[in-house]
Amino acid sequence: MNPVSAKYSRKDTGWRLFLRTIVARAYPRIIGQQREMSWVIFEVVMPMLAVISYVFVYRALEAPQDYIGFVVMGGAMSAFWLNVLWSMSSQLYWEKETGNLALYIMAPNSMMAILLGMALGGLLATALRAVTVTLLGSFMFGVTYEISSFFQLFSVFMLAMIALYGMGMMMASTFLLFGREAWHVANLAQEPVFLASGFFFPIKFLPFWVAAGASFIPLTLGMDAMRQLIFSGGFQFGLFSVQAEIYALAVMAVVFVASSKFLLAYVEKLAVREGRITESRR
Amino acid sequence: MQISTSWRSFRMAAWLGWMIESNWTDPFLFAVYSIIKPLSGAAILVIMYGVITKGNYDSNLFPYIYLGNAFYIYVAAVMTGVSWAVVDDREHYKTLKYMYIAPIYIPIYLLGRGIARFITGSIAVFITLAAGILFLNVNVQLAEVNWILFIVSLILGILMLAMLGLLLAGVTLITARHEGFLGEATAGALYIFSGAVFPLSVLPDWLRPIGYWMPTTYWLELMRRSLIGNVANAYPTLASLGNLQILGILLGLSILFGTLSIFVFRICDRIARERGMIDMTTNY
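Described in the following lines is the structure provided in the data block. (Residues numbered from 1 in each chain as written. Chains lettered and ligands numbered in written order. Predicted model: local features only at pLDDT ≥ 70, side-chain atom pairs only at ≥ 80, totals over all residues. Heavy atoms only, no water.)

A word on a nonpolar patch on the surface
And then number 1: A surface patch of nonpolar side chains, about 530 Å² in accessible area, is lined by Leu142(B), Trp147(B), Ile151(B), Ile155(B) and Leu159(B).
And then number 2: Along the polypeptide, Ile151(B) turns up in helix α6 (residues 147–173). (Patch = residues over 30% accessible without salt bridge, like charges linked within 9 Å, V, L, I, M, F, W, Y side chains within 5 Å. Areas by Shrake-Rupley, 256 points an atom, 1.4 Å probe, with all protein chains shown as cover. Salt bridge = Lys/Arg side-chain N within 4 Å of Asp/Glu carboxyl O. Helix = DSSP H or I, 4+ residues; strand = E, 2+ residues; numbered from the N terminus.)

Dropping the structure here:
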């Protein structure tokens, strides 16, 4: 057998297939971005427009400089929320529209691996945009950072991302059942979440139970903890202690990722039974 | 161009747009959807303002920000309502080519498609204003409102925004990628340069002239002044100009941008036909 035949006749199964599926689904998200850099421009420009607007509002109100930093951080983190909404939650709906979803389900791979690949690719690609927004915002508005604990900051960020993308995976399976309303539902989940999660102001200023309820969105606690860790006066704006928020994020990360597996299996079965896998309700 | 054909194009496009915008769910959910999004946007600003001023909503600054933001809903709704019709018909429903061969006028058809978002935008503006007046002490006294200025400015502004939407629709016709972002990016940029929620004086000196060239700057100022006369004193950017002067500037800029829009749309339309972009589907 020649080397080419040998390479392509080898069948991956089990964990090897699972991992290869993750890499295969993450690949277009990361490499595709390098091939079409104009995406980066738009996905940096859109959050930057919001950042600039809110920074100027704070400047007009003569707010302390810390608030400018909060807006820059919120703008950077909004890239992750938009990515989860449009490229995770809605993704299976788009795949259905373009006819790929049936192929995913027919192929001998795990749908969970496809979702994990989407999450991994989306996370890495969006991280580049978030870093760009942070650098641009910091440079334009003179934001300075004073990190009190690199380890805690890294833990908070990673746990928030795992929980957030786990939530995205849960939502992706739910969106499988949607038709034309998918676009509207994703669209609806932008501003209300920006408000409830305190993207542009400390969440502490919302009524306690509203803030506590919004804490089920991982970015709420993630940003609250990050604000406390990277701004000199950040601790006075914290809703809970950083330690408590790390524990809560860890629980959410496990629960959301595990739930997404069960939800996906259930919804996939439901969608197959109701004939919604190939249905395109325009 | 026959008036009957234009009217038919407009009327059918408006009806079609309304069906597309509204019939994806039941009326109650649609109403909730139309209200929550703009109210959330307004609430972000209200909380930001409240946090910094420690809840002092009696200042003239607050209605300046609140009213500017409320009426800005029209900018995004009307502009993107017109331009998004190109994306919707070409990429999603794949019907734009049929519209082109139907006995209708395409620019009028696109303007008609914007009506649906104008209606939903109007509901959102009304709800946002009502919430501000009822719960946030935005001091609009109905008896003191300059209704003539309000109505004239509103009509002129909506027409101006529709024409800007047509300009965007033209650019969308010849754009293969990111066309969906064009409306949002333009609306986002205008939010900054129009002094919607902060005065132009906050912008760096070199950016400020852009704001003075934007018709939306004058339109928002007129909307504020018509509802609350003394709000102009909150930020003195345009305080030296009287209502009629601002209305004159708005009219002049509207005519300028309207003419430019027709010109740009015609050019883009011709390019799109020449390059076979009317039925282009990129799935991008």
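Still more ground to cover, so stick around.
Re the interface of chain B and chain A
And then number 1: Counting residues at the interface gives 42 residues for chain B, matched by 36 residues for chain A.
And then number 2: A salt bridge links Glu191(A) to Lys37(B), with the nearest nitrogen and oxygen atoms 2.7 Å apart.
And then number 3: Summed over the shared surface of chain B and chain A, the result is 1 residue pair in polar contact (both at pLDDT 80 or more).
And then number 4: Secondary-structure elements contributing two or more residues to the side of chain B that touches chain A are α1 (3–22), α2 (27–53), α3 (61–92) and α7 (179–193) of chain B. (Contact = heavy atoms within 4.5 Å. Polar contact = N/O pair within 3.5 Å; in protein donor to acceptor, adjacent residues only side chain to side chain.)

Concerning the packing of helix α4 (residues 65–89) of chain A against helix α12 (residues 218–230) of chain A
All names here are of chain A.
And then number 1: At a minimum axis distance of 11 Å, the contact between α4 and α12 shows a crossing angle of 145°. The interaxial crossing formed by α4 with α12 has right-handed handedness. Judged by residue contacts, Phe70, Met73, Gly74, Met77 and Trp81 of α4 engage Leu219, Met223, Met226, Arg227 and Ile230 from α12. (Axes fitted to C-alpha atoms, helices over the stretch in contact; angles between N-to-C directions. Left-handed = near helix turned anticlockwise from the far one by under 90°.)

Comments concerning the environment of Tyr235(B)
And then number 1: Inspection of the secondary structure assignment puts Tyr235(B) in the loop between α9 (215–227) and α10 (243–274).
And then number 2: Accessibility expressed as a relative area gives 9% for Tyr235(B), which makes it buried.
And then number 3: Residues Tyr235(B) and Asn60(B) lie 175 residues apart in sequence; the distance between their C-alpha atoms is 8.7 Å.
And then number 4: For Tyr235(B), the contacting residues outside a window of four places in its chain are Ala60(A), Leu61(B), Tyr64(B) and Pro199(B). (Buried < 20%, exposed > 50% of the residue type's maximum accessible area, 1.4 Å probe, protein only.)

Without other data, these values stay purely geometric and don't point to any function.
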